[in-house]
Amino acid sequence: MSVNSASHSKTQSIARAGTYTLLIIFSAVFFFPFLWLVSTSVKPDSQIMVMPPKWIPNPFMWSNYSKGLTFVPFLSYLRNTLIICSANVVGVLISCPLVAYGLSVIPWKGRDVLFYVILSTMMLPFQVVMVPLFAIFTKLGWIDTFLPLTVPAFLGNAFFIFLLRQFFMTIPKDLLDAAKIDGCSDFQTYRQVVLPLAKPVLATVALFTFMGAWNDFLGPLIYLFNQDKYTLSMGLAMFSSQYGSYWGMLMAVSTVVTVPIIVLFFFTQRTFIQGITLTGIKG
Amino acid sequence: MSNQKRRESVEGYLFAAPLLVGLVFFSVIPMIASLVISFCRYDIFTPPKFIGAANYTDLFHDPLFWQSLKVTAIYSVVGVPLGLTLGLAVAILMNQKLRGIAVFRTIYYLPAVVSGVAVSLLWVWIFDPSYGLGNVVLRGLGLPPSQWLSAPSTSLLSLIIMSLWGVGGGMVIYLAGLQSVPQHLHEAASLDGANVWQRFRHVTLPMLSPVIFYNLIMGIIGSFQVFTQAFVMTNGGPVNSTLFYVLYLFRQAFNYYRMGYASAMAWVLFAIILLLTLLVFRSSAMWVYYEGERKGNG
């Protein structure tokens, strides 16, 4: 038995070393583009166009950042993006759990039909409604405002409603009945029992919404025209079409746009991955 | 109807009210309008004019429509299976109790988190034929340099390579699936003399098939909606070699203001996605294994 387990642990440690090697090789592949991004962002022009490349520039060209960020009204882009992102997060957090609760806990006529309608709208590509929405928003005078990019969030998002409903279905019925017996109305049960339980899922929903709005490009591209209204992704795209060959500056601005998301991810990783594993849905 | 039931119905509707409004204004009305517009000539500024099925018949004679369909199909057929396989491979590597595994998980997942314009620009620079990282790597491997995005023969492939960088999203889902495969199944298979490959083939793969199925459907839908990369990185070029379907649709709508034509394209897209999803669903009976109402413990 002891001999057997000794040889067993030997093959195990060889397997472990092999796994580590593969994991590290993969990590390098996944991580190098980020290094390339940051490295280019602090390079002087003369060291960008060199082959083979220098990973650590000399001197560090921090002015790529100050120049890049003042070339364009970066702060105004950032402000616009943050306004849109937070409006979306607030809107989704108000509407989606409410609707999901109505679709999972309260029994009512037509509930399941409505649920299937939502599922089918998840299949509907945005491109199908893109043109009529543009026409509707034009008629409403909403073009070149943030309204088309924020108001829909307050009216629910099929994807997140689905996600939350699946979670609400797992809440034990006894718990809800107990609240009822204690005299809670449906809305009180929702606020005092269901919402606190759903915190981790709500955090996931908030994160995905924030990141989706931060990275969104097609929406702002369609609805925003005036440069004052541009989001970061719009501003960045325009910046690159004008100064496409200034890689140092371009990568500096790209770094600034990417880093907040990375930092956010680092701090919320647990919530994030828990949310995904809980629901089987990726960002 | 009892009082209780009626009250619950009213409450149900109240809870669902935002959604009902949203559905009507942002889905139902636009959907019907889109279908109507697809049978019209419409430029937003003048009222739509009914032209029958002309937009649809025009599509069939439009070589760029076929080109965009071809580009998207190749991207999907090559990229999705590659992404599924790579994601699974990485997930299996990750599914071991090793020290520091959380660090690896973070590194692999990170590219899936950052996306959009900034990442597209980064990859344009990586694919730079003269000074980009891509050719540094090729040179390191002793391979000839590539033109990447600048040549029609390699541009689409370059975008597929870029998409593989984001497999971390699928990986995390596989990982959850892998962790819910009961250990006793592996042990039973081992006792019966199954080797590593046999255990993977006959235990892991069947147990994981619902997750693979999910990732496959999401992958197909995602690949048919590629836009930002194509718009920012290549704008469809060179010589339309990366003219993705949605990019062409966007041009028709917002560059040429041919809203009717764009709507017809959107409905064809919807039909294709629906058809593919149905096909995958139909075939799923043959290869997806559901073990009752088993609950994963994540």
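Residues numbered from 1 in each chain as written. Chains lettered and ligands numbered in written order. Predicted model: local features only at pLDDT ≥ 70, side-chain atom pairs only at ≥ 80, totals over all residues. Heavy atoms only, no water.

### Quick word on the overall build of chain B
Each helix and strand in chain B was counted, giving 13 helices and 2 strands. Dimensions along the principal axes, computed over C-alpha positions, put chain B at roughly 75 × 75 × 35 Å. In chain B, buried positions account for 53% of the 298 residues. For chain B, long-range pairs separated by at least 24 residues make up 67% of all intrachain contacts whose partners lie at least 6 apart in sequence. A total of about 14,200 Å² of accessible surface is found on chain B, and carbon and sulfur atoms cover 66% of it. Distance between charge centres in chain B, computed from 17 positive and 10 negative side chains, equals 2 Å. (Helix = DSSP H or I, 4+ residues; strand = E, 2+ residues; numbered from the N terminus. Buried < 20%, exposed > 50% of the residue type's maximum accessible area, 1.4 Å probe, protein only. Contact = heavy atoms within 4.5 Å. Areas by Shrake-Rupley, 256 points an atom, 1.4 Å probe, with all protein chains shown as cover. Lys, Arg positive; Asp, Glu negative; His and termini not counted. Charge placed at Lys NZ, Arg CZ, Asp CG, Glu CD.)

### Section: the overall build of chain A
Scanning chain A from N- to C-terminus turns up 14 helices and 0 strands. Helices (α) and strands (β) of chain A occur, in sequence order from the N terminus, as α-α-α-α-α-α-α-α-α-α-α-α-α-α. Each principal axis of the C-alpha distribution contributes one length, and for chain A these read about 80 × 75 × 35 Å. When each of the 283 residues of chain A is scored for burial, the buried share is 51%. Relative to all contacts within chain A whose residues are 6 or more apart in sequence, the contacts with residues 24 or more apart total 71%. When the accessible surface of chain A is summed, it comes to about 13,100 Å², and 68% of that surface belongs to carbon and sulfur atoms.

### What to know about the packing of aromatic side chains
Counted according to the given criterion, the structure contains 48 aromatic pairs over all chains. Here the aromatic rings of Trp247(A) and Trp125(B) are separated by 5.0 Å at their centres, their planes lie at 20°, and the arrangement is stacked. Here Trp125(B) lies in helix 5 (residues 117-126) and Trp247(A) lies in helix 14 (residues 247-279), a pairing that spans two chains. A relative accessible area of 8% means that Trp247(A) is categorised as buried. Three or more aromatic residues link up through ring pairs in this structure, and these residues are Phe134(A), Phe137(A), Trp142(A), Phe217(A), Tyr223(A), Phe26(B), Phe227(B), Phe231(B), Phe250(B) and Phe254(B). Between the NZ or CZ atom of Arg258(B) and the centre of the ring of Tyr261(B), over which it lies, the distance is 4.2 Å. (Phe/Tyr/Trp six-rings, centres within 6.5 Å; stacked < 30°, edge-to-face > 60°. Lys NZ or Arg CZ within 6 Å of the ring centre and 35° of its normal.)

### Some words on the side chain of Asn80(A)
All names here are of chain A. Tracing the chain through its elements places Asn-80 in helix 4 (residues 74-104). Within the local environment of Asn-80, its side chain forms a polar contact with the backbone oxygen of Lys-229, the two atoms lying 3.4 Å apart. Beyond its immediate stretch of four places on either side in the chain, Asn-80 contacts Phe-146, Asp-228, Lys-229 and Tyr-230. (Polar contact = N/O pair within 3.5 Å; in protein donor to acceptor, adjacent residues only side chain to side chain.)

### Structural notes on the nonpolar core
In this structure, Leu103(A), Phe168(A), Met94(B), Tyr108(B), Trp123(B), Phe244(B) and Met259(B) are the most contacted members of the largest nonpolar core, which totals 179 residues. Considering every element that reaches this core, the biggest residue donor is helix 13 (residues 259-287) of chain B, with 12 residues. Taken domain by domain, this core gets at least three of its residues from each of domain 1 (2-41) and domain 2 (66-279) of chain A. Judged by nonpolar contacts, the second largest core, of 5 residues, contains Val181(B), Ala194(B), Val203(B) and Met207(B). (Core = buried A, V, L, I, M, F, W, Y, C linked by side-chain atoms within 4.5 Å. Domains from an automatic or database assignment.)

### Quick notes on helix 5 (residues 111-123) of chain A
Residue and element names in this part refer to chain A. With 13 residues, helix 5 should cover 18 Å at 1.5 Å per step; its first-to-last C-alpha distance of 19 Å lies within 8% of that length. Those residues of helix 5 lying buried are Arg-111, Leu-114, Phe-115, Ile-118 and Thr-121. Axial view of helix 5: buried residues confined to an arc of 120°, hence all on one face. Among the exposed residues of helix 5, those pointing more than 90 degrees away from its buried face are Val-113 and Tyr-116. (Expected span 1.5 Å × (residues − 1). Arc of directions from axis to C-beta.)

### As for the pattern of salt bridges
Residue and element names in this part refer to chain A. Within the structure shown, the criterion is met by 3 salt bridges over all chains. We note a salt bridge from Asp-177 to Lys-173, for which the minimum N-O separation is 3.5 Å. Of this pair, Asp-177 and Lys-173 both sit in helix 9 (residues 173-181), 4 residues apart, which is roughly one turn of that helix. Put simply, Lys-180 and Asp-186 hold a salt bridge, and the shortest N to O gap is 3.6 Å. With a relative accessible area of 35%, Lys-180 lands in the partly exposed category. (Salt bridge = Lys/Arg side-chain N within 4 Å of Asp/Glu carboxyl O.)

### Looking at the environment of Ser115(B)
Along the polypeptide, Ser115(B) turns up in the loop between helix 4 (101-113) and helix 5. The exposure class assigned to Ser115(B) is partly exposed, which follows from its relative accessible area of 35%.

### Structural notes on helix 11 (residues 199-215) of chain A
Residue and element names in this part refer to chain A. Over its 17 residues, helix 11 runs 24 Å from end to end, which matches the ideal 24 Å to within 8%, given 1.5 Å per residue. By the criterion of burial, helix 11 is predominantly enclosed, with 12 of the 17 residues buried. Restricting attention to buried positions, one finds in helix 11 the residues Val-201, Leu-202, Thr-204, Val-205, Ala-206, Leu-207, Phe-208, Thr-209, Met-211, Ala-213, Trp-214 and Asn-215.

### Quick notes on the packing of helix 10 (residues 186-197) of chain A against helix 11 of chain A
Residue and element names in this part refer to chain A. Packing of helix 10 against helix 11 brings their axes to within 5 Å, and their N-to-C directions diverge by 70°. Relative to helix 11, the element helix 10 lies roughly perpendicular. Here Leu-195, Pro-196 and Leu-197 of helix 10 lie close against helix 11, whose contacting residues are Lys-199, Pro-200 and Leu-202. For the contact of helix 10 with helix 11, the per-class residue count stands at 5 nonpolar, no polar and 1 charged. (Axes fitted to C-alpha atoms, helices over the stretch in contact; angles between N-to-C directions. Parallel < 35°, antiparallel > 145°, perpendicular 65-115°, else oblique. Nonpolar A, V, L, I, M, F, W, Y, C, P; charged D, E, K, R; others polar.)

### What about the domain arrangement of chain A?
Residues and elements named next belong to chain A. As assigned here, chain A comprises domain 1 (2-41) and domain 2 (66-279). Between the C-alpha centres of domain 1 and domain 2 the distance comes to 36 Å. Each partner contributes to the interface: domain 1 provides 5 residues, whereas domain 2 provides 7 residues. Contact with domain 2 buries surface across domain 1, with Leu-37, Thr-40 and Ser-41 losing the most and accounting together for 80% of the total. Counting the contacts that link domain 1 with domain 2 gives 0 salt bridges. Across the contact surface, domain 1 and domain 2 share 0 residue pairs in polar contact (both at pLDDT 80 or more). When grouped by side-chain class, the residues that make up the side of domain 1 that touches domain 2 number 3 nonpolar, 2 polar and no charged. (Buried area = accessible area lost by both parts, 1.4 Å probe.)

### Re unusual backbone geometry
Negative phi values dominate among residues other than glycine, just as trans dominates among peptide bonds. A cis amide bond links Gly237(B) with the next residue in sequence, Pro238(B), at an omega value of -15°. You can see Pro238(B) is positioned in the loop between helix 11 (228-234) and helix 12 (245-255). Of note, Asp144(A) is a non-glycine position whose phi angle comes to about 65°, a positive value. Along the polypeptide, Asp144(A) turns up in the loop between helix 6 (126-140) and helix 7 (147-150). Even without being a glycine, Ile44(B) presents a positive backbone phi close to 75°. Secondary-structure assignment places Ile44(B) in the loop between strand 1 (40-41) and strand 2 (49-50). Ile44(B) gets classed as buried once you look at its relative accessible area, which sits at 10%.

### Considering the environment of Thr19(A)
Note that Thr19(A) resides in helix 1 (residues 2-41). Overall, the relative accessible area of 8% leaves Thr19(A) in the buried class. If near-sequence neighbours (up to four positions away) are discounted, Thr19(A) is found in contact with Leu93(B), Gln96(B) and Leu98(B).

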